[in-house]
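Descriptive analysis of the structure
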Amino acid sequence: MSLDLFLVCLVVTLGTVGAALLYLRGITRRVLVAQCGTDTGAEFWLRAADVLALAGSLILVLAFGGVLPGADWVQQLRLVLGLALAGVFVTVVLVASSVWRAIPAAQSGEAS
């Protein structure tokens, strides 16, 4: 893989993950403030999710994003985009399942 292609792959990964994080940021903050009760707690979990999404996607791309010599840029970018989206998907699943599990506990605490 050439240096140019490697750098483009990193930029595509960071751009894809960054766009997803920006899209989810507002609603995620509101949900976390409701769950945590404070803006400080919500900010921590929001930043932790950001690092998880970025690091996870970069690890996937660096570990599995290499292609055979002679592969064209379209094949490489398709692979990188799929790996970056997989990293975002796993992060959203982890965060959403954690929030989902916390909701019944918070609601049962309010009822008593």
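For the structure itself, look to the data block above.
Definitions and limits used
Residues numbered from 1 in each chain as written. Predicted model: local features only at pLDDT ≥ 70, side-chain atom pairs only at ≥ 80, totals over all residues. Heavy atoms only, no water. Helix = DSSP H or I, 4+ residues; strand = E, 2+ residues; numbered from the N terminus. Buried < 20%, exposed > 50% of the residue type's maximum accessible area, 1.4 Å probe, protein only. Areas by Shrake-Rupley, 256 points an atom, 1.4 Å probe, with all protein chains shown as cover. Salt bridge = Lys/Arg side-chain N within 4 Å of Asp/Glu carboxyl O. Core = buried A, V, L, I, M, F, W, Y, C linked by side-chain atoms within 4.5 Å. Contact = heavy atoms within 4.5 Å.

What the protein chain contains, in helices and strands, is three helices and zero strands. The N-to-C order of helical and strand elements in the protein chain reads α-α-α. Per-residue burial for the protein chain yields a buried fraction of 24% across its 112 residues. Of the accessible surface of the protein chain, which amounts to about 7300 Å², a share of 72% is contributed by carbon and sulfur atoms.

As enumerated under the stated definition, the model contains four salt bridges in all. We note a salt bridge from R29 to E43, for which the minimum N-O separation is 2.4 Å. A residue pair is termed long-range when its members are at least 10 positions apart, and R29 in helix α1 (residues 3-36) and E43 in helix α2 (residues 39-64) qualify at 14 residues. Judged by its relative accessible area of 18%, E43 is buried. A single network of salt bridges, built from pairs that share partners, joins R29, D39, E43 and R47.

To continue, consider the nonpolar core. Formed by V17, A20, L21, A53, A84 and V88, the largest nonpolar core amounts to six residues. At the level of elements, α1 and α3 (73-111) are the ones that each hand at least two residues to this core. Considering each element in turn, this core owes the most residues, three residues, to α1. Setting aside residues no more than four positions away along its own chain, V17 makes contact with A53, L54, S57, A84 and V88.

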